[in-house]
Amino acid sequence: MASFTDLALSLSQLGSKYLNQIFVITREVRDPTSGQIKIPADYGALGDLLIAQTLVGLALPFAASCSRGSSNCAQLSPAARSA
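The structure presented is a predicted model; accordingly, all values stated were derived computationally and were not measured.

**Q** Describe the overall build of the chain, naming the residues involved and giving the relevant values.
**A** Each helix and strand in the chain was counted, giving 4 helices and 2 strands. Starting at the N terminus and ending at the C terminus, the chain contains elements arranged as α-β-β-α-α-α. Relative to all contacts within the chain whose residues are 6 or more apart in sequence, the contacts with residues 24 or more apart total 20%. As presented, the chain carries roughly 7,000 Å² of accessible surface, and 64% of it is formed by carbon and sulfur atoms.

Take a look at the structure:
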């Protein structure tokens, strides 16, 4: 059981890494001596990142439950309705 937990944590870290590479968000960095801004803050992609993370966070559990042959997924699929 612990190996599945480790697998989930590794997948979570990998997913966070790739999402952070796709949606680049930077915070402001100032020079400590002069106080001038070295890197300006850019939170422009934050909303897109939150939406993408929410969609991935919802889609993966639903896909996992449907792949196991859950009866709830069969009721929702169009193929099951026409049969």
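**Q** Which residues make up the confidence of the model for the chain, and what values go with them?
**A** Of all residues in the chain, 81% have pLDDT values of 70 or greater, and the mean over the chain is 84. Mean pLDDT across the elements of the chain ranges from a minimum in helix α4 (residues 78-82), with 55, to a maximum in strand β1 (residues 29-30), with 96.

Conventions used here
- Residues numbered from 1 in each chain as written.
- Predicted model: local features only at pLDDT ≥ 70, side-chain atom pairs only at ≥ 80, totals over all residues.
- Heavy atoms only, no water.
- Helix = DSSP H or I, 4+ residues; strand = E, 2+ residues; numbered from the N terminus.
- Contact = heavy atoms within 4.5 Å.
- Areas by Shrake-Rupley, 256 points an atom, 1.4 Å probe, with all protein chains shown as cover.
- pLDDT = per-residue confidence, 0-100.

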